[in-house]
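# Structural overview for review
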Amino acid sequence: MSNQTQITTPAASQEVIKDASMLKQKAMIADNYDKLTRAKELGLKVASTYVPGNLNELIMCFDMLNNLPEINAIQNGMRKKSGGMIMDAEKMGHSEDVCTYVKADIGNMAKGSIAPNGKPMPVPDLLLLSYTGCFTFLKWFELLRDQYGCETAMLHVPYTGDGIITDNMRDYVVKQLKEVLIPTLERVSGVKFDIDRLREYLRQSAKAEDDLVWVLKSAKNTPSPIDAYFGGVFYIGPIFTAFRGTPDAVEYYQLLRGEIEQRIAARMGPVTPDGDLGEEKYRLVVEGPPNWTSFREFWKMFYEEGAVVVASTYTKVGGVYDYDGFRHDPDNPLESLAEYCLGCYTNRNLPTRVDMIEQYLEDYQADGLLVNSIKSCNSFSAGQLMIMRTIEERTGKPAAFIETDLVDPRYFSPANVKNRLESYFQMIEQKRRAGGSARAA
Amino acid sequence: MDTWVKDMRKLNDIVDYCQTLYDDLNFTAARDWKAAKPGRHVIGYMPTYVPREIIHAAGMLPLGVLGGGDNLEVIHGDAYYQSYICRIPRSTIELAVTKRLNFVDGMLFPSTCDVIRNLSGIWKLLYPDVYSRYFDVPQNFTSAVGGTYYVQELRELAEGLEGISGTKITDEALNRSIDLYNKNRRLVNDVYNVRQVTPWKALSWEVYLLMRAGMVLPVEEHSQLMTDYLAAVQAEDRPKRDNCRVIVQGSFCEQPPLNLVKSIELAGCYIVDDDYMLVNRWLQDEVPTDGNPMENLADAFLNYSGETACKYVPEREDKGKFLIDAVRERRAEGVIFAAPSFCDPALLDRPMLSGALARENIPHISFKYAENSGQMQPIREQAGTFADTIKLWGEA
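As the structure is a computational prediction, the values presented were derived from the model and not from experiment. (Residues numbered from 1 in each chain as written. Chains lettered and ligands numbered in written order. Predicted model: local features only at pLDDT ≥ 70, side-chain atom pairs only at ≥ 80, totals over all residues. Heavy atoms only, no water.)

Right, let's get into the overall build of chain A. What chain A contains, in helices and strands, is 18 helices and 12 strands. A globule of 441 residues ought to have a C-alpha radius of gyration of about 22 Å, and chain A, at 21 Å, matches this closely. Taken over the C-alpha atoms alone, chain A extends approximately 65 × 55 × 50 Å along its principal axes. Across the 441 residues in chain A, those meeting the buried criterion constitute 63%. For chain A, the computed accessible surface area is about 15400 Å², with 48% contributed by carbon and sulfur atoms. Distance between charge centroids for chain A: 2 Å, based on 50 positive and 59 negative side chains. (Helix = DSSP H or I, 4+ residues; strand = E, 2+ residues; numbered from the N terminus. Rg over C-alpha atoms; globule rule 2.2 N^0.38 Å. Buried < 20%, exposed > 50% of the residue type's maximum accessible area, 1.4 Å probe, protein only. Areas by Shrake-Rupley, 256 points an atom, 1.4 Å probe, with all protein chains shown as cover. Lys, Arg positive; Asp, Glu negative; His and termini not counted. Charge placed at Lys NZ, Arg CZ, Asp CG, Glu CD.)

Before going further, it helps to examine the domain arrangement of chain A. Residues and elements named next belong to chain A. Its domain assignment divides chain A into domain 1 (4-193) and domain 2 (198-434). In this assembly, 59 residues from domain 1 lie in contact with 55 residues from domain 2. Both sides of the domain 1 and domain 2 interface together cover about 4700 Å² of buried area, and 63% of this is carbon and sulfur. The partner of Lys24 in a salt bridge is Glu251, and the shortest N-O contact between them spans 3.4 Å. Counting every contact that joins domain 1 to domain 2 gives 31 residue pairs in polar contact (both at pLDDT 80 or more). Sorting the residues of the side of domain 1 that touches domain 2 by element identifies helix H1 (20-37), helix H3 (56-60), helix H4 (69-78), helix H5 (82-91), helix H6 (100-110) and helix H8 (167-189) as the ones contributing at least two each. It is H1 that provides the largest number of residues to the side of domain 1 that touches domain 2, a total of 8 residues. A breakdown of the residues in the side of domain 1 that touches domain 2 according to their chemical character gives 33 nonpolar, 16 polar and 10 charged. (Domains from an automatic or database assignment. Contact = heavy atoms within 4.5 Å. Buried area = accessible area lost by both parts, 1.4 Å probe. Salt bridge = Lys/Arg side-chain N within 4 Å of Asp/Glu carboxyl O. Polar contact = N/O pair within 3.5 Å; in protein donor to acceptor, adjacent residues only side chain to side chain. Nonpolar A, V, L, I, M, F, W, Y, C, P; charged D, E, K, R; others polar.)

Okay, the interface of chain B and chain A next. Each side of the interface is counted separately: chain B has 55 residues, and chain A has 56 residues. The junction of chain B with chain A conceals about 4800 Å² of combined surface from both sides, 57% of it contributed by carbon and sulfur atoms. In this assembly, chain B and chain A are joined by 6 salt bridges. For Lys124(B), the salt bridge is made with Asp162(A), and the minimal N-O distance between the two is 2.9 Å. Linking chain B with chain A are 31 residue pairs in polar contact (both at pLDDT 80 or more), by the criterion used here. Elements with a contribution of two residues or more to the side of chain B that touches chain A: helix H5 (114-126), strand S4 (131-135), helix H6 (143-165) and helix H13 (344-359) of chain B. For the side of chain B that touches chain A, the element with the highest residue contribution is H5(B), accounting for 10 residues. Across the side of chain B that touches chain A, the residue classes break down as 27 nonpolar, 12 polar and 16 charged.

Before going further, it helps to spend a moment on empty space enclosed by the protein. Rolled over the atoms, a probe sized like a water molecule indicates the empty space that remains. All names here are of chain A. Applying the stated criterion to the full structure yields 13 cavities of 30 Å³ or more. Quantified by volume, the largest cavity comes out at close to 260 Å³. Every residue lining the largest cavity is counted, 24 residues in all, and those nearest its centre are Glu70, Tyr101, Phe137, Val317 and Cys377. Residue assignment for the lining of the largest cavity shows that the elements contributing at least two residues are H4, helix H7 (136-148) and helix H16 (378-381). Grouping the constituent residues of the lining of the largest cavity by class yields 15 nonpolar, 6 polar and 3 charged. Counting contributing residues, the lining of the largest cavity receives three or more from each of domain 1 (4-193) and domain 2 (198-434). Reported here for the second largest cavity is a volume of approximately 210 Å³. (1 Å grid on protein atoms, 1.4 Å probe; cavity = no way out; pocket = protein on both sides within 12 Å on 5 of 7 lines; lining within 4 Å. Points joined across faces, edges and corners; volume = space filled by probe spheres on them.)

Trans is the prevailing form of peptide bonds, just as negative phi is the prevailing case for residues other than glycine. Residue and element names in this part refer to chain A. Residue Pro223 is reached from Thr222 by a cis peptide bond, and omega for that bond is -5 degrees. The topology assignment puts Pro223 in the loop between helix H9 (195-217) and helix H10 (232-235). In this model, Lys80 sits at a positive phi of 65 degrees, which is unusual for a non-glycine residue. With respect to the helices, strands and loops of the structure, Lys80 is situated in the loop between H4 and H5. When its relative accessible area of 61% is taken as the criterion, Lys80 is described as exposed.

Below, the discussion takes up the side chain of Thr346(A). Counting through the fold element by element, Thr346(A) comes out in the loop between helix H14 (333-343) and helix H15 (350-363). Here Thr346(A) falls in the buried class, since its relative accessible area comes to 4%. Ignoring any residue separated from it by four or fewer positions in sequence, one finds Thr346(A) in contact with Thr132(A), Gly133(A), Tyr159(A), Val317(A), Ser379(A), Phe380(A) and Arg117(B).

Residues and elements named next belong to chain A. Examined against the element boundaries, Val215 turns out to sit in helix H9. The spatial distance from the C-alpha of Val215 to the C-alpha of Val188 is 37 Å, given a sequence separation of 27 residues. Aside from chain neighbours lying at most four places away, what touches Val215 is Ile226, Tyr235, Leu256, Arg257 and Ile260.

Residue and element names in this part refer to chain B. Its volume calculated, the second largest pocket comes out at about 830 Å³. At the level of elements, strand S5 (244-249), helix H11 (293-304) and helix H12 (321-329) are the ones that each hand at least two residues to the lining of the second largest pocket. Class assignment for the residues of the lining of the second largest pocket results in 11 nonpolar, 7 polar and 12 charged.

All names here are of chain A. Read from one edge to the other, the open sheet built from 4 strands follows the order S4-S3-S5-S6, with strand pairing classed as parallel. Of all the strands in the sheet, just strand S4 (64-67) and strand S6 (151-156) have a single pairing partner and so form its edges. If you compare each strand with its neighbour and ignore which way they point, the axes differ by 25 degrees on average. Of the pairings in the sheet, the one linking strand S3 (residues 45-48) to strand S5 (residues 126-131) comprises 2 bridges and is parallel in character. Paired with Ser48 across the strands is Leu127, a residue of S5. Packing of H7 onto the sheet brings it into contact with S3, S5 and S6, and relative to S5 it is tilted by some 170 degrees. (Pairing = 2+ DSSP bridges. Axes fitted to C-alpha atoms, helices over the stretch in contact; angles between N-to-C directions.)

What follows concerns H13(B). All names here are of chain B. The terminal C-alpha atoms of H13, which comprises 16 residues, lie 24 Å apart, in line with the 22 Å expected from a rise of 1.5 Å per residue. Its maximal kink placed at Arg350, H13 deviates by approximately 40 degrees, while the proline Pro351 follows within four residues. Burial analysis of H13 places 13 of its 16 residues in the buried class, which makes it a mostly covered element. (Expected span 1.5 Å × (residues − 1). Bend = angle between axes of the 7 residues up to and from the residue.)

The next subject is H6(B). Because an α-helix completes one turn every 3.6 residues, residues spaced three or four positions apart along the sequence face the same direction. For H6(B), with 23 residues, the first-to-last C-alpha span of 30 Å sits near the 33 Å given by 1.5 Å per residue. Taken from the residues just after H6(B), Gly166(B) is the one with a positive phi, measuring 75 degrees.

Below, the discussion takes up the sheet that holds strand S2 (residues 60-64) of chain B. Residues and elements named next belong to chain B. With parallel pairing, the 4 strands of this open sheet are ordered in space as S2-S1-S3-S4. Single-partner strands in this sheet number two, and they are S2 and S4. Along the sheet, successive strands turn relative to each other by an average axial angle of 20 degrees, direction set aside. Of the pairings in the sheet, the one linking strand S3 (residues 106-110) to S4 comprises 5 bridges and is parallel in character. Following the sheet pairing, Met107 is matched in S4 by Ser132. Where H6 meets the sheet, it contacts strand S1 (41-45), S2, S3 and S4, and its direction lies at approximately 170 degrees from that of S4. Together, S1 and S2 form the strand contacts of helix H8 (residues 204-216), whose direction differs from that of S2 by roughly 135 degrees.

Put into structure tokens, the structure is as follows:
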């Protein structure tokens, strides 16, 4: 590979090959956290918002920085810090039953809101509540507003209950953008809105989205050059966070695409934390977010068995670009932002989610569906058993079910998950031998 | 089942009748209503709020589907949900797959939480030929933005119902229905006010059953039932106990078992306000009965609807204000947060509401339940201790 750098991780004293795209993304993230934690010194205003319905291009129009609490919770989960934060939040009166992203965030606040670079996060100047596809978002920002006392602007994105975006929904979102969000962002930032600036950012977004979709669709190759779930969460990183609409994101996806092209040419499988995957034995579609607290251990359970995720729904939570061809459109900027928000994965109704999964199973020639059911995420989890059942009936392909959590380590039981996965892989083998349908694990 | 007859005016008869309706998991009253006249239709709805006026104006019966309670054995429903999801969707599925809802011509799933939202999708997958709609409401409360959106949503709902009945919902019919529901809400408020003033007469479990009757009866019958109850309860001579006065908060979706309501009362707490079945009093003032009825309903929602965890509070300083106001208006001495297990809205809201109460030195406790909770002793002990604490150490 031409664009690789060898670095050494001190903890493991083990050489890890990093592709140029990985280094690029790492630098982008570090730079963003640096800016966020120096926002006051740099004279920059900060908007906190969510991954689904993330209006990064709009936020950039006001020279504001974008801070995403879910991403901070994930960072703390992967660094094994979220468990303590969650327990702290529970001691403060937050229920054990609710979203662990929220509790990790609240617990982190109690510890001084420390960013991954070890410096304190600033108090946001604006909580931009993009209420898209998740009820908890509404409560989360009410809770943050209660703590921070800062201004909150709500963007209510209607749920597409009938599986379609109606004119009424689109008009409602556009009207909120025009009459609520943009005036608020202007006031908070002191910067006047320039729609041509937004168009330019959206043009950049669409370029990056084209390359992202190319990367995701590369998994149709056999062997798949990517893992579209564990690897996929890195690939969606820039486009789901503070970089959509930036030249950095365009460059990242060009680099990534180049690397994947080389892997396809060399008939290589995905990169894993332990190097390139050997034989591809199982091709899976995965529904639901990953577990973050034991992310590597979880991934290892797959790649050790030669299992590759060729498509996943979680990588559509911050925007669906592959299924029905949505791209941000500079010619219709506000309408396009509205359609983006309305089309995020968990804002689509259950029948549409089933249709998407069914199409992934077919298009990517997958062996079956695996559901990772997240204890504290009802937006994803409620209805997953129905999704499984319907998919099995429609496709005859086996579906299986495991349970973990987002960032609460108490709900990751490695032995149980591994046992389930092994049973599932056996079921796929059995089905291959029998040539018929198999029942759920 | 016998429908309500006007000469049954004794309190026990009224309460027994409501209890019969409550216990009937086959919704016989609604089935009988439908069977009584060809061409009638029944539209089910879940908590928290739907504009029943529109269903009524379509000549249909709105039927509140509030889960299966503690008398329904859930067998099939558990196969649809993981253990960490609340009980109401699984018991609702159970009602459906056991054909207890097979007479229902449509189902509405209001904007309450992600679980109810996704249940709307399950319904579409299970019953593709039955009308079902996720009923969204605005979280922007300005007339030009949220109002315009909501009016169109109401129109789409009306068009959906017209598709079932084949009859156009006229403005005149809708205004007549609004008038009937205005009257119904006045009576609901009268019942709540009587309970507030004389909670030893209007016992909470009776009031609860009376409100539940409104989920299955035509609005006209429910209004008559409340009129009769109000007359009957005033005539009752019941002993006044040295109970404390509490508000129950957080039970707006999955309902507590009736024994839980009784247990709170038996533990020494008069419930002087609650958020059970908010649909009965979601709109807090009269809706005009002239002009454009859709716009009037939208205006009512935006400007004088109730408050609950599924509704956004735009201003920080207003968070919890409705509860503090209710404590003062109802002269409550404390608040019991009673939320269903795994209820995202209620449980996420609770820290903010309890913080608001703490700032006002209003005592509060919290516990969780499921609609089929059977063991009431811990709840009775907790509520009893709370009552004792208020009586012993509260302000005189």
